[in-house]
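# Observations on the model geometry
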Amino acid sequence: MSNEKTNQRITLVSPDRQFVAETRTAFSASQAIKLDVVEQAVTDLRGGISSNETGVLIVDIDDGGLAALEALQRLKRDVANRAPIVVVVRSFDAAVVRILVQMQVADFLAKPVKTADLVRACIRALKGPVAEGADEATIHAFMPAAGGVGNTVLALQTAFILHSNARSATATCVVDLNFQYGSCAEYLDLRPAFDIAEVENRVERLDRQLLEAMLSKHPSGLSVLAAPNIPTEQRSFDAAVVTRILDLVAAYFDNVVIDMPRTWFPWTEPVLRGSNHVYVTSELTVPCLRHTQRLLESIRVQTEGNVKPKVIINRSAPPKPDDAVTRNDVEELLGDSLAGFVSNNYRLVREAVDRGIPIQEIDANANVLRDLTRIISPDVAAIDQQPPTPGLLNFGRKLFRKAG
């Protein structure tokens, strides 16, 4: 049974006559959807909207000023969960993006809005919450606690694990957000094709067709969105660009794996908030564990406790009597924040990176692969305890669904 809402009425709140006319034209072709228009600024809105009669609200907040955002918050509170809100704003900045993410609006778009994007956003909102068992993107974000901890390797191998268990040959996408020193494409022997300059000043240009042109494709079917990095150029992009990229990727893939940079940018918090699983990559050294503690606390503070990252201890070797830091020490230090340990297998990982292939193509029973699978897909790891067929990974059904 479809979970699509039966109420196909959309209400637009906007004082912008041109935008109102364009929106009327966009929805006029559909006889199934009725568009109501309230030609007022959201700050002047005083009643007149019944969420029981409205399937989706499109709210034009113009410049995203404080008064408009406060009015939007009141409107969101009034309609509660009965009608999702799609926000349209003249331009984004990091503060506006952060507030809209915190409000948990259904979607947000920047003017000039492509009518096709607006219609798609409303149709997605009309479908309502995804029922349990339905397909929707699951987002895994990996962030290093320090340099050289193997964050990119873990992110890529996680993508291969999820990809092996996906229904579609093109179901998983890796997004490399380390624009200065990103290595995802290099590790997979791919040419990075994401031209940020093409979209950074015109984020509205981002659509499925442009996304497809900017994806690099691995022979396994894994898709990679990575930009050529320039070590001498440290760039901080508008948060709206990054969030729009991820929103578009999540709309077309079952699994999204994000390789995050160590540096904190204006878009870092929205990305972490929008991820289903956040992993901090660390190592068994005292300095790195100190960095890890500070990063965990920073994430909790910046996201007001809404993001609960888990720590993966990478390159964990068998214990020795003279170890300064033991697994027991780490378990006591991190408590519930510890996701698990990944074994040290330098030669195997180096071979996989040098050849641009997943570890499972070299050794399907590798300790690194088993350890990471237990962390990323614990149910799959339990199913896969039976002796596998040599050279094959026998994963069960798809297990991940986006958290509600």
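Everything numeric here is computed off the predicted structure, so don't read it as measured data.

### What about the environment of V286?
Within the secondary structure, V286 sits in helix α10 (residues 286–302). Look at V286 and you get partly exposed, because its relative accessible area is 37%. Sequence spacing of V286 and V325 is 39 residues, and the spatial spacing of their C-alpha atoms is 7.1 Å.

### Some details on the sheet that holds strand β2 (residues 34–38)
In space, the five strands of this open sheet follow the order β2-β1-β3-β4-β5, with parallel pairing throughout. Two strands close off the open sheet at either side, each with one partner strand: β2 and β5 (107–110). Put simply, the sheet's adjacent strands are angled 20° from each other on average, direction ignored. Pairing of strand β1 (residues 9–13) with strand β3 (residues 56–60) involves four bridges; the strand directions are parallel. Counterpart to I10 in the pairing with β3 is V56.

### With respect to the side chain of T23
Assignment of secondary structure puts T23 in helix α1 (residues 17–28). Residue class for T23 comes out buried when judged on its relative accessible area of 1%. Setting aside its immediate chain neighbours within four residues, T23 contacts L12, L35, I58 and L118.

Calculation notes
- Residues numbered from 1 in each chain as written.
- Predicted model: local features only at pLDDT ≥ 70, side-chain atom pairs only at ≥ 80, totals over all residues.
- Heavy atoms only, no water.
- Helix = DSSP H or I, 4+ residues; strand = E, 2+ residues; numbered from the N terminus.
- Buried < 20%, exposed > 50% of the residue type's maximum accessible area, 1.4 Å probe, protein only.
- Pairing = 2+ DSSP bridges.
- Axes fitted to C-alpha atoms, helices over the stretch in contact; angles between N-to-C directions.
- Contact = heavy atoms within 4.5 Å.

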